[in-house]
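Residue strings, one per chain:
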Amino acid sequence: MSSREEAGTVPRQLALPFPMRAARGREAFHLAPPNARAAAAVADPDGWPGGRLALVGPAGAGKTHLAHVALAAAPSVLLAASALEPMGVEAAAAPGLAVIEDVDRLAALPERASKAAEEGLFHLFNLSLAGQTRLLVTGRSPPARWQIRTPDLASRLSSLDVVAIAPPDDALLSSVLVKQGRDRGLDITTEAAAHVSLRIERSFAAVTAAADALDQAATARRRRKVGVKLAAQVMKSLLGPADGTAGKPADRPEDTQTDTWEDRNAC
C-alpha cells in the first residue's frame, strides 16, 4: 500500500454501472412452455388471421423481444401506441408490417393525446383490413379489456386473434434472469439463477428487480460474475433472514426444461 493510500488521500474509484444492451435476436429468446405458442405465432406473420394478431403478457414477459422477432421476418416498423398520430399512419404502414406496442396504456394518456393515438391506430387497422399492411399489437391483457375510447376501434381490437405469454415457471425465470444479467454485462451462473428463481415471486417483474439488485451488488464489489454466494447475500438482503427464503411460495411445480429458439427448431 502506498503512503498516499495509508494517509487516505487517494480518491476512491467510483463503481459505475455497466450500460444495459438488451439482446433482441431470435437466438437470444429462451423457449419454454409458457411462451412457446406465442413465439411460434409471432414468428409467422403469414399465418396471422387476416394479417393481424394481438400479443399479450405481463410486463417483462418478452413481448418487445418477440416483436423484434416479427420485425426481422419482413420489412416492418415498430412504434409505441402513444407515438401514433393520424398524419404518420401511412409511413407506419408502408413497410408492410406494423408493430404497435402497449396499446393497453393509451387510456393513461391525456384525453387529447389518447384520442389522436386511437385515431391513428384506427386508420392503421383499416389499412390492414385493406391488405396494405399486417398488424401486430401488444398489451398486458387481452384487447377486450383495454379501455379504448373509440367504440369502433375497441370493437376491431376485440375481434383480433390473441396469443398470450403465460406466467413463467421456475426454469423460465432462471433463463430470463441469466439473459437479463447478460444484457447488463453480468455473468450469472446457472446455479445462482436457480437459487434466485426459487426465492422470488413467480413474475417477470420480480426477475427484473432481482437482476437490478444483483447488478448493483456486483458493481459495488467491482465484479461481473455472480455465483451462488453473492446471489444468496442479495436474496437475504431483499427477502430477510433464513438464507433468503422468506416469502418463498409454498407450492412450486417441478422445473421444466428450457431451450433456445435454435435448440427447439434443430433437426
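What follows concerns the nonpolar core. Counting residues in hydrophobic clusters, the biggest one holds 44 residues, and the most contacted among them are L55, L136, L177, I188, V196, L214 and V226. Ranked by residues supplied to this core, first place goes to helix α9 (residues 204-220) with 9 residues. Residue contacts for I188: discarding those within four places in its chain leaves L177, V178, G181, A193, L214 and V226. The next biggest cluster of nonpolar side chains, apart from the first, holds 22 residues, and it includes A98, L127, I148 and L157.

Quick look at the sheet that holds strand β3 (residues 77-80) now. Paired through their backbone hydrogen bonds, the strands of a sheet run either parallel or antiparallel. Here 5 strands make up an open sheet; going across it, the order is β3-β4-β5-β2-β6 and the pairing parallel. The open sheet has two edge strands with one neighbour each: β3 and β6 (162-164). Across this sheet, the average inter-strand angle for adjacent strands is 20°, counted without regard to direction. The sheet contact formed by strand β4 (residues 97-101) and strand β5 (residues 134-139) spans 4 bridges and is parallel. Counterpart to L97 in the pairing with β5 is R134. Those strands touched by helix α5 (residues 111-129) are β2 (52-56), β4 and β5, and its axis lies near 140° from that of β5.

Even without a glycine there, the phi angle at D102 is positive, about 60°. By secondary structure assignment, the location of D102 is in the loop between β4 and α5. In this structure, R222 is a non-glycine residue whose phi angle is positive, near 55°. With respect to the helices, strands and loops of the structure, R222 is situated in the loop between α9 and β8 (225-226).

This part covers the packing of helix α7 (residues 170-183) against helix α8 (residues 190-197). Running from N to C, α7 and α8 point in directions that differ by 125°, and their axes come no closer than 8 Å. In terms of axis orientation, α7 runs oblique to α8. For the pair α7 and α8, the crossing hand works out as right-handed. Contacts between α7 and α8 pair D170, L173, S174, L177 and V178 from the former with A193, A194, V196 and S197 from the latter.

Reading the values: rules and limits
Residues numbered from 1 in each chain as written. Predicted model: local features only at pLDDT ≥ 70, side-chain atom pairs only at ≥ 80, totals over all residues. Heavy atoms only, no water. Core = buried A, V, L, I, M, F, W, Y, C linked by side-chain atoms within 4.5 Å. Buried < 20%, exposed > 50% of the residue type's maximum accessible area, 1.4 Å probe, protein only. Helix = DSSP H or I, 4+ residues; strand = E, 2+ residues; numbered from the N terminus. Contact = heavy atoms within 4.5 Å. Pairing = 2+ DSSP bridges. Axes fitted to C-alpha atoms, helices over the stretch in contact; angles between N-to-C directions. Parallel < 35°, antiparallel > 145°, perpendicular 65-115°, else oblique. Left-handed = near helix turned anticlockwise from the far one by under 90°.

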